[in-house]
Amino acid sequence: VFVGKERGRQAMTQDEINQYLVDRAFEGKTVVRLKGGDPFVFGRGGEEALALAENDIPFEVVPGITSSIAAVAYAGIPITHRGIATTFTVVSGSEDPTKPDSSVPWDVLAKNGGTLVVLMGWASLEKILATLQKEGLPATTPAALVQWGTWSEQQTITGSIENILEKGRKAGLTPPVITV
């Protein structure tokens, strides 16, 4: 049963997915919720596990490798490299739209010196990049966009914080896109 989501379009709400899992389990069925990447890294797997636990339904999680690492590695970009970046941070570029303000500490991320990976941020990338530059990240900072990471359609665009969005638009990128 397809319950997937795309920006602005979803087969079921998260609450409906949670209830579907619970209902099928109560029917005595073995349920497999197959998700790409790691279901607990911006994948709502925690919400699904909580719904099962609240209903005393046993479950097992088989984690994958988060796209924030897999897609970047597949593009040939090391997420850390001794002497260049000894830390990395993964943030969501698509926060809860009901929140009044962003809870992402862009000011800290602009200055921390590690690799920054933004998932689900294509629609808000212009604002994210402007904020990072305003907070002190040099415009010359290397950047990459990885579309459809680890798929045969994967496309990688490289540039700098200053020009990466323009290059991505010119290449016709559309989600899913990871920004590094």
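Quick look at the structure, then. All values derive from a computational prediction rather than experimental measurement.

### Section: a nonpolar patch on the surface
Side chains of F40, F59 and V61 sit close together on the surface and give an oily, nonpolar patch of about 270 Å² of accessible area. With respect to the helices and strands, the residue V61 is situated in the loop between α2 (45–54) and α3 (67–74).

### Some thoughts on unusual backbone geometry
As a rule of thumb, non-glycine residues mostly have phi less than zero, and peptide bonds are mostly trans rather than cis. The step from P175 to P176 runs through a cis peptide bond, and the omega angle for that step is 10 degrees. Here D56, not a glycine, exhibits a phi torsion of approximately 55 degrees, which is positive. Looking at where D56 falls in the secondary structure, it is placed in the loop between α2 and α3. The phi dihedral of W148 falls on the positive side, at around 50 degrees, and the residue is not glycine. With respect to the helices, strands and loops of the structure, W148 is situated in the loop between β5 (142–147) and β6 (155–160).

### Points about the side chain of T179
Here T179 shows up in strand β7 (residues 177–179). The residues contacting T179, other than those within four sequence positions of it, are L116, V117, V118, L125, A144 and L145.

The rules behind the values
Residues numbered from 1 in each chain as written. Predicted model: local features only at pLDDT ≥ 70, side-chain atom pairs only at ≥ 80, totals over all residues. Heavy atoms only, no water. Patch = residues over 30% accessible without salt bridge, like charges linked within 9 Å, V, L, I, M, F, W, Y side chains within 5 Å. Areas by Shrake-Rupley, 256 points an atom, 1.4 Å probe, with all protein chains shown as cover. Salt bridge = Lys/Arg side-chain N within 4 Å of Asp/Glu carboxyl O. Helix = DSSP H or I, 4+ residues; strand = E, 2+ residues; numbered from the N terminus. Contact = heavy atoms within 4.5 Å.

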